[in-house]
Amino acid sequence: MTSYQLRDTATRRLLAHGLADYAAAEAAADRLDDELEYNLAANGEGAGRIRLRLDIEKVTHGVPAPVGHHVLLLGADDQPAPAPSLLL
């Protein structure tokens, strides 16, 4: 049986598995994005410009193969702080 999973590219940590199809893997990545943004806001932290790359893998007979990726850009909508003035 074929399934899909989501893995953090940098740490190789498996974040979701047993997903029915590619669309379910994309939805899991979107949920993860929302959870991270929520948790950062709940802790009073701005996301800054955090970039995470997640691999989407197709698993057939227990063997994973990369089929795509999803890049999360947390804080990308934040307005940048104005640069301090260099004039005295």
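Being a predicted model, the structure only gives us computed values, none of them experimental. (Residues numbered from 1 in each chain as written. Predicted model: local features only at pLDDT ≥ 70, side-chain atom pairs only at ≥ 80, totals over all residues. Heavy atoms only, no water.)

Chemist: Just checking my understanding: could you explain the overall build of the protein chain for this structure?
Modeler: The helix and strand inventory of the protein chain stands at one helix and four strands. When the elements of the protein chain are put in sequence order from the N terminus, they spell out β-β-α-β-β. When each of the 88 residues of the protein chain is scored for burial, the buried share is 26%. Once local pairs closer than 6 in sequence are excluded, the contacts in the protein chain between residues at least 24 apart make up 51%. (Helix = DSSP H or I, 4+ residues; strand = E, 2+ residues; numbered from the N terminus. Buried < 20%, exposed > 50% of the residue type's maximum accessible area, 1.4 Å probe, protein only. Contact = heavy atoms within 4.5 Å.)

Chemist: Explanation requested: the nonpolar core in the structure shown.
Modeler: Across soluble globular proteins, nonpolar side chains show a tendency to be buried alongside one another. In this structure, Tyr4, Leu6, Ala16, Leu19, Ala25, Ala28, Ala29, Leu54, Ile56 and Leu72 together form the largest nonpolar core, which totals 10 residues. For this core, the secondary-structure elements that each account for two or more residues are strand 1 (2–8), strand 2 (14–19), helix 1 (22–42) and strand 3 (50–60). Ranked by residue count, the leading element in this core is helix 1, at three residues. In this view, Leu6 contacts Arg13, Leu14, Leu15, Ala16, Ala25, Ala28, Ala29, Leu54, Asp55 and Ile56; residues no more than four positions away in its chain are not counted. (Core = buried A, V, L, I, M, F, W, Y, C linked by side-chain atoms within 4.5 Å.)

Chemist: Looking at this structure, how should I read the pairing of strand 3?
Modeler: Two faces, one strand: in a regular strand the side chains alternate between the faces of the sheet. Bridge count between strand 1 and strand 3: seven bridges; the pairing is antiparallel. The partner of Thr2 across the bridge, within strand 3, is Thr60. Pairing analysis gives 11 bridges linking strand 3 to strand 4 (residues 63–74), with the strands arranged antiparallel. Its bridge partner being in strand 4, Lys58 is matched across the sheet by Ala65. The turn linking strand 3 back onto strand 4 is made up of two residues, and His61 within it adopts a positive phi angle of 55°. (Pairing = 2+ DSSP bridges.)

Chemist: Which parts of the structure should I look at to understand the pairing of strand 2?
Modeler: As judged from the three bridges shared by strand 1 and strand 2, these two strands associate in the antiparallel manner. Counterpart to Leu6 in the pairing with strand 2 is Ala16. The antiparallel hairpin formed by strand 1 and strand 2 contains five residues in its connecting segment, where Arg12 sits at a positive phi of about 65°.

Chemist: Just to check I follow, could you spell out unusual backbone geometry for this structure?
Modeler: Keep in mind that most residues, glycine aside, have a negative phi and that most peptide bonds are trans. Here the phi dihedral of Arg12 falls at roughly 65°; this positive angle occurs in a residue that is not glycine. Secondary-structure assignment places Arg12 in the loop between strand 1 and strand 2. Not every positive phi belongs to a glycine, and His61 is a case in point at roughly 55°. Note that His61 resides in the loop between strand 3 and strand 4. Here His61 falls in the exposed class, since its relative accessible area comes to 69%.

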